[in-house]
Amino acid sequence: KIIKKALNLIKNLTPKPGGSMDDSKHTEYLIPDYILKKEENDFHLTLSRNNSTKIKLSKDYLNMLNDLKTSKNKNDENRKSYDFVKQKLESAKWFIDALEQRQNTLLKTMNSIIKFQHNFFDNDGDINFLKPMILKNIAEKINMDISTVSRIVSSKVIQTDFGIFSLKDFFSEAHIAQDGEIVSNKK
C-alpha cells in the first residue's frame, strides 16, 4: 500500500518544475543609455557601460605587424602575411573610430537636449518646465541630420536622480496657453 502511494505521488510529479512558469511574467530590466547626475549646479552626463566600452588594438597584433614589416621583402609568404595583418588592423581601427564617433554623437545629442530643457532638469523633472522642442531644434544645434537625431531619440533612455525618461519624452509640440505663453503640449 505504501509503495502504491509512493508510485502515485511520483507519477504526479513533473520532471521540469520550472517549465510550468509563464514566460510572459519574465522580468525585463531597463538599462539606461545615459546617466545624468547633478552635483551642486552642474550636470554630469555619462554613457552607461553598454555604450561606453573602450576597445583598443591588441599590442600583440601591432608587434606582429612590426615584425612582419621588417621581413616582408624576404619572401612572398611574409609579404602576404604582412598585407593580411595590416588590412585587419586597418579594419579594426575603422571600427574603433566608428564606435567613438557614435559615442560622441550620443553625448552631443543628449548634452544639447539637456541645454535646451535645462529648466526641466534643474527643477527635478517638473513637467511644467518642459519647453516645446522638436527634432529639428536639436539637429540644428549639433549640425546633424534630423534622421540621425530621430534614430537616437527613438530608442534611448536617460537615468536621472529624479527618474528614468525616454528621450522621446523631451520632445513635444507647442501650443498657446490662455495667458498667451507658448508652452509644451505635455503640460
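Since the model is a prediction, treat every value here as computed from it, not as a measurement. (Residues numbered from 1 in each chain as written. Predicted model: local features only at pLDDT ≥ 70, side-chain atom pairs only at ≥ 80, totals over all residues. Heavy atoms only, no water.)

Caption draft 1: Inspection of a nonpolar patch on the surface at higher detail. Judged by side-chain polarity, Leu9, Ile10 and Leu13 come together as a nonpolar surface patch covering roughly 330 Å² of accessible area. With respect to the element layout, Leu9 can be found in helix α1 (residues 2-12). (Patch = residues over 30% accessible without salt bridge, like charges linked within 9 Å, V, L, I, M, F, W, Y side chains within 5 Å. Areas by Shrake-Rupley, 256 points an atom, 1.4 Å probe, with all protein chains shown as cover. Salt bridge = Lys/Arg side-chain N within 4 Å of Asp/Glu carboxyl O. Helix = DSSP H or I, 4+ residues; strand = E, 2+ residues; numbered from the N terminus.)

Caption draft 2: Geometry of the side chain of Asp33. Among the secondary structure elements, Asp33 is positioned in the loop between α1 and β1 (34-39). Although Asp33 lies buried, it forms no salt bridge, and the closest oppositely charged side chain, Lys156, sits 4.6 Å away as judged by the N-O distance. Within the structure, Asp33 has its side chain in polar contact with the backbone nitrogen of Val157 (distance 2.7 Å). With residues up to four places along the chain from it excluded, the contact list for Asp33 reads Thr46, Leu47, Ser48, Asn51, Ser155, Lys156 and Val157. (Buried < 20%, exposed > 50% of the residue type's maximum accessible area, 1.4 Å probe, protein only. Lys, Arg positive; Asp, Glu negative; His and termini not counted. Polar contact = N/O pair within 3.5 Å; in protein donor to acceptor, adjacent residues only side chain to side chain. Contact = heavy atoms within 4.5 Å.)

Caption draft 3: Representation of the side chain of Thr109. The topology assignment puts Thr109 in helix α3 (residues 76-116). Beyond its immediate chain neighbours, meaning those up to four positions away, Thr109 contacts Ile138, Ile142 and Ile152.

Caption draft 4: Region of the structure containing the pairing of β1. Examined bridge by bridge, β1 and strand β2 (residues 42-47) share six bridges and lie antiparallel to one another. Looking at β2, one finds that Tyr34 is bridged to Leu47. Taking the residues that link successive antiparallel strands as the turn, the β1-β2 hairpin has two residues, and the phi of Glu40 there is positive, at about 55°. Looking at chain direction, β1 and strand β3 (residues 157-160) are connected through two bridges and run parallel. Residue pairing in the sheet places Ile35 in a bridge with Gln159 of β3. (Pairing = 2+ DSSP bridges.)

Caption draft 5: Just the pattern of salt bridges, in detail. Applying the stated criterion to the full structure yields six salt bridges. Where Lys38 meets Asp122, a salt bridge forms, and the shortest distance between an N and an O atom there is 2.8 Å. In this pair, Lys38 sits in strand β1 while Asp122 sits in helix α4 (residues 118-122), placing the two residues 84 residues apart along the sequence. Accessibility expressed as a relative area gives 29% for Lys38, which makes it partly exposed. We classify Asp122 as partly exposed; its relative accessible area is 30%. Beyond isolated ion pairs, a larger network of salt bridges with shared partners links Asp76, Arg79, Lys80 and Asp83.

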